[in-house]
Amino acid sequence: SQQELPEAPIAFRYRTPEEARRRAETMADEAQQERATGRARARPRREGRNDLVATPEDVSRILSGLFGGSGSESREYGGRLALLDPATLDIQLVPSALRGSVPLAWSRDRERLLFAQPGDGDFQIYEYDRTDRTSLRLTSGPFSHTQACYGPEDRIVVARVDARKQPLVSYIAMSEPGGRGPYAR
């Protein structure tokens, strides 16, 4: 019912119907190519289980896309970061967010939104302020920052990935109170 809808907007990745159709067609074509080349699932899915089965090539492709690939999928089909007003169903694009940006967490007052934005071979964390309609970059390289949330004392907790090392090294870092200052492990 209308009374159960939240007052604050809902953050999501928005694609136009045309973008969604092109993305679905591309994914179907890729799946067909994988079947034709024998890169399909190594074993059949078991009833009642959601198994993750991936070849080394699959893992490499996924990690490359997340932490340093070409980013063409994000640029072409990644959608735009948008806010949906639950009461009116109005959609407002976040103007400063690039295609492929991913909403992560709202502040307690739902005025600030953390999001991960694809960059040149990595992801970095930004904070969007609904009142000012501005975004502020919170993290920078050489690490890729793929996840973030708000912690106690308005600290910002981030997941850092060092893709320069093999195997990849990932750890959690936290800002000073108020969300500023260096991120420490």
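Attention in this report is confined to the structure presented alongside it. (Residues numbered from 1 in each chain as written. Predicted model: local features only at pLDDT ≥ 70, side-chain atom pairs only at ≥ 80, totals over all residues. Heavy atoms only, no water.)

## Remarks on the nonpolar core
Ranked by internal contacts, the top residues of the largest apolar core, which has 14 residues, are Leu114, Ile125, Leu138, Ile156, Val158 and Tyr183. Of all the secondary structure elements, the ones that give two or more residues to this core are β5 (112-118), β6 (123-129), β8 (144-150), β9 (156-162) and β10 (169-174). Counting 10 residues, the second largest nonpolar core, distinct from the first, contains Leu83, Trp106, Leu113 and Phe115. (Core = buried A, V, L, I, M, F, W, Y, C linked by side-chain atoms within 4.5 Å. Buried < 20%, exposed > 50% of the residue type's maximum accessible area, 1.4 Å probe, protein only. Helix = DSSP H or I, 4+ residues; strand = E, 2+ residues; numbered from the N terminus.)

## A short note on the pattern of salt bridges
Applying the stated criterion to the full structure yields eight salt bridges. Its salt-bridge partner being Arg130, residue Glu111 comes within 3.7 Å of it at the nearest N-O pair. Here Arg130 lies in the loop between β6 and β7 (134-137) and Glu111 lies in the loop between β4 (102-106) and β5, a separation of 19 residues in the sequence. On the accessibility criterion, Glu111 (27% relative accessible area) is partly exposed. Note that Arg112 is salt-bridged to Glu127, the shortest N-O span being 3.1 Å. With Arg112 in strand β5 and Glu127 in strand β6, this pair connects stretches of sequence that are 15 residues apart. (Salt bridge = Lys/Arg side-chain N within 4 Å of Asp/Glu carboxyl O.)

## Here's the deal with the sheet that holds β10
With antiparallel pairing, three strands are arranged side by side in an open sheet as β8-β9-β10. Of all the strands in the sheet, the pair left with one neighbour each is β8 and β10. In this sheet, neighbouring strand axes are inclined to one another by 20° on average, regardless of whether the strands run parallel or antiparallel. In this sheet, β10 lies alongside β9 in antiparallel orientation, the contact comprising six bridges. (Pairing = 2+ DSSP bridges. Axes fitted to C-alpha atoms, helices over the stretch in contact; angles between N-to-C directions.)

## Description of the packing of aromatic side chains
All told, the structure shown has three aromatic pairs when counted by the stated rule. Measuring from centroid to centroid gives 6.2 Å for Phe12 and Tyr14, while their planes differ by 90°, and the two rings are edge-to-face. Since its relative accessible area comes to 23%, Phe12 is described here as partly exposed. Residue Tyr14 is classed as partly exposed on the basis of its relative accessible area, which comes to 25%. Centroid distance Phe143 to Tyr171: 6.1 Å. Interplanar angle 80°. Geometry classified as edge-to-face. Separated by 28 residues along the polypeptide, Phe143 in the loop between β7 and β8 and Tyr171 in strand β10 bring together distant segments of the chain. Just as Phe143 is buried, Tyr171 falls in that class too. (Phe/Tyr/Trp six-rings, centres within 6.5 Å; stacked < 30°, edge-to-face > 60°.)

## Focus on unusual backbone geometry
In this structure, Leu89 is a non-glycine residue whose phi angle is positive, near 65°. A positive phi angle, near 60°, is found at Glu153, a position not held by glycine. Within the fold, Glu153 resides in the loop between β8 and β9. Under the relative-accessibility criterion, Glu153 is labelled exposed at 54%.

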